[in-house]
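Listed here are the chains, written in short residue letters.
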Amino acid sequence: MSRSIAAVVLCAGKGTRMKSARAKVLHEILGKPLAYYPLRRAFELGASPVVSVLGHQADEVEKALGEVLPGQPLEAALQAEQLGTAHAVLCAKKKLKGFDGEIVILYGDVPLVRTETLKALIKARRQSGSPVGLITTRPANPHGYGRIVRQGGKVSAIVEEKDCTPEQRAIGEVNAGLYVVEAAFLWKALERVGKKNSQREFYLTDLAELAFAAGTPAASVEADFAEVAGVNDRAQLAQAAAAMRQRINEAHMLAGVTFEDPATTFIDEGVRIGPDARIGPFCQLRGTTRVGSGARLGAGCVLTDSEVGEGVDLKPYCVLEQAKADKGCLIGPFARLRPGTELSQGVHIGNFVETKKARIGQGSKANHLTYLGDCTIGRGVNVGAGTITCNYDGVHKHPTVLGDGVFVGSDTQFVAPCTVGKGAYIGAGSTIVEDVPPYSLAIARGRQVTKVGYVKKKRAQG
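One structure accompanies this document, and this report is about it. These figures come from a predicted structure and were not determined experimentally. (Residues numbered from 1 in each chain as written. Predicted model: local features only at pLDDT ≥ 70, side-chain atom pairs only at ≥ 80, totals over all residues. Heavy atoms only, no water.)

## Structural notes on empty space enclosed by the protein
Alright, step 1. Scanning the entire structure with this criterion turns up one cavity of 30 Å³ or more.
Alright, step 2. Of the pockets and cavities examined, the largest cavity occupies roughly 30 Å³.
Alright, step 3. Around the largest cavity, the lining residues are V347, H348, I349, I360, S364, K365, A366, L372, I377 and V383.
Alright, step 4. At the level of secondary structure, the elements contributing two or more residues to the lining of the largest cavity comprise β27 (348-351), β29 (365-368) and β30 (371-377).
Alright, step 5. Classifying every residue of the lining of the largest cavity by side-chain character gives seven nonpolar, two polar and one charged. (1 Å grid on protein atoms, 1.4 Å probe; cavity = no way out; pocket = protein on both sides within 12 Å on 5 of 7 lines; lining within 4 Å. Points joined across faces, edges and corners; volume = space filled by probe spheres on them. Helix = DSSP H or I, 4+ residues; strand = E, 2+ residues; numbered from the N terminus. Nonpolar A, V, L, I, M, F, W, Y, C, P; charged D, E, K, R; others polar.)

See below:
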């Protein structure tokens, strides 16, 4: 899209049919608010600025959208009183002052519209010479939708359900509510839009009639109803989420990713997966997660804003959050990698191991029942089962450093701050409270006392 484009996304409605204290556009699909998706599509068109028109819970909506679309040219306009769709667009006029290109008008509760469909709409409008382009659709039951009235095959009007004649109600083609309009025509036309309808509201649908009256009938493209349907209640929210999940999963499969059970796999829109990766059932990949080619994710893995390198093998039920695992790592099952974890190539993290702000060097292993927090671990380190870095003193966090080639016996506690030099050995059951020099053996445990025959004597005493 080479010409200048802006967008207005209408997000002001309360959504009473959601039966919720939250604004409708804040209800989520795959971890993102409903309004994220049409806003994202607008940015993919190259639209700038993009204006979200807010109303109900405006502050909360603006904050949420800013969090999921950081760094984007997103503006917010307020529709304090809901007087219809045309009035909502007018509320965005100040934010578009001086803009003279095309304005795409979308709805915050229509998450499934595709960028390709919007590009086709813009192309059709440009080729037609009309200042208005709109999307139409044909639902199985058109009840409740504005009907597309045509004369000589050209769009002459859009008539809302409550204003339809019996003949017009029989029309199957309806208005999807999505438009592209030249800015100069839009603002001039909205000054003429009236509310001579049963709802006493200012409707954007009048644009079609005004364009026809000017001798430049609106261009139209038809889309599948499922793509342009709005979300009005929880049932429709679930249906839209299922459709979005299927769309995303199919795109990954066509790009060379194997899903063992796509119906139970949840992948956020921003996730990237390399070819020949294999995703087990009931996995969830969220946020900005990246999965390298050839990686394997076992059943039930949950990854959030994490990076998994080529050939990484995640056994079932691993949880990663803001963590990185370089290629060839073996993780799990039942491992938890918390924020700040960075695993170098070939690291092994085993069952019931938890890490946090842990930088672990190439080829190191922690295979069982271990907590590694606020630590730096060198190359080729073996961490025995039950090891803990005691990083918190009740006020501050302190670091633990293990040099290359360190061997840690089972059931060891490192009371941080603590540094263990290269090649050192730590005896099992030790509580290490001092630094250990390189290539030393540190043992910190009580001496064993064995009383031979003690049990028999005790029993004999009755």
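Back to the write-up after that little detour.
## Some points on the side chain of T115
Alright, step 1. Position of T115 among the secondary structure elements: in helix α4 (residues 115-128).
Alright, step 2. In this structure, T115 is in contact with R41, E44 and L45, ignoring residues within four places of it in sequence. (Contact = heavy atoms within 4.5 Å.)

## Structural notes on the pairing of strand β4 (residues 50-54)
For a regular strand, side-chain orientation follows a simple rule: the groups alternate between the two sheet faces.
Alright, step 1. For β4, the tally of buried residues reaches five of five residues, placing the bulk of the element in the interior.
Alright, step 2. Burial along β4 is two-sided: V50, S52 and L54 and V51 and V53, pointing in opposite directions, are all buried.
Alright, step 3. Relative to strand β5 (residues 74-78), β4 runs parallel, the two sharing five bridges. What sits directly across from V51, in β5, is E75.
Alright, step 4. Each parallel crossover has a hand, and the one from β4 via helix α2 (residues 58-68) to β5 is right-handed. (Buried < 20%, exposed > 50% of the residue type's maximum accessible area, 1.4 Å probe, protein only. Pairing = 2+ DSSP bridges. Right-handed = clockwise from strand over helix to strand, strands pointing away.)

## Brief notes about the layout of surface pockets
Alright, step 1. Reported here for the largest pocket is a volume of approximately 1,700 Å³.
Alright, step 2. Forming the boundary of the largest pocket are 49 residues, of which K24, T85, Y107, D109 and N232 lie nearest the centre.
Alright, step 3. Looking at the lining of the largest pocket, the elements with two or more residues in it are β1 (5-11), α3 (85-90), β10 (174-182), α8 (225-228) and α9 (234-254).
Alright, step 4. Here the lining of the largest pocket is built from residues that sort into 20 nonpolar, 21 polar and eight charged.
Alright, step 5. In this structure, the second largest pocket spans a volume of roughly 490 Å³.
Alright, step 6. Looking at the lining of the second largest pocket, the elements that each hand over two or more residues are α1 (36-44), α4 and α9.
Alright, step 7. At five residues, α9 tops the list of elements feeding residues into the lining of the second largest pocket.
Alright, step 8. Tallied by class, the residues present in the lining of the second largest pocket amount to eight nonpolar, four polar and 10 charged.

## Overview of the side chain of K32
Alright, step 1. When you line up the elements, K32 lands in strand β3 (residues 32-33).
Alright, step 2. Among buried Asp, Glu, Lys and Arg side chains, K32 stands out as unpaired, with D268 the closest opposite charge at 4.0 Å.
Alright, step 3. Setting aside its immediate chain neighbours within four residues, K32 contacts H27, Y37, V68, D268 and G287. (Lys, Arg positive; Asp, Glu negative; His and termini not counted. Salt bridge = Lys/Arg side-chain N within 4 Å of Asp/Glu carboxyl O.)

## Observations regarding the nonpolar core
Alright, step 1. Counting 133 residues, the largest nonpolar core has L314, I331 and I349 as the members making the most contacts within it.
Alright, step 2. Beyond its immediate stretch of four places on either side in the chain, L314 contacts R296, L297, G298, C301, L303, V308, L320 and I331. (Core = buried A, V, L, I, M, F, W, Y, C linked by side-chain atoms within 4.5 Å.)

## Remarks on a nonpolar patch on the surface
Alright, step 1. Side chains of Y317, F334, F352 and L369 sit close together on the surface and give an oily, nonpolar patch of about 430 Å² of accessible area.
Alright, step 2. Its place among the elements puts F334 in the loop between β24 (330-331) and β25 (336-337).
Alright, step 3. Note on F334: relative accessible area 42%, which makes it partly exposed. (Patch = residues over 30% accessible without salt bridge, like charges linked within 9 Å, V, L, I, M, F, W, Y side chains within 5 Å. Areas by Shrake-Rupley, 256 points an atom, 1.4 Å probe, with all protein chains shown as cover.)

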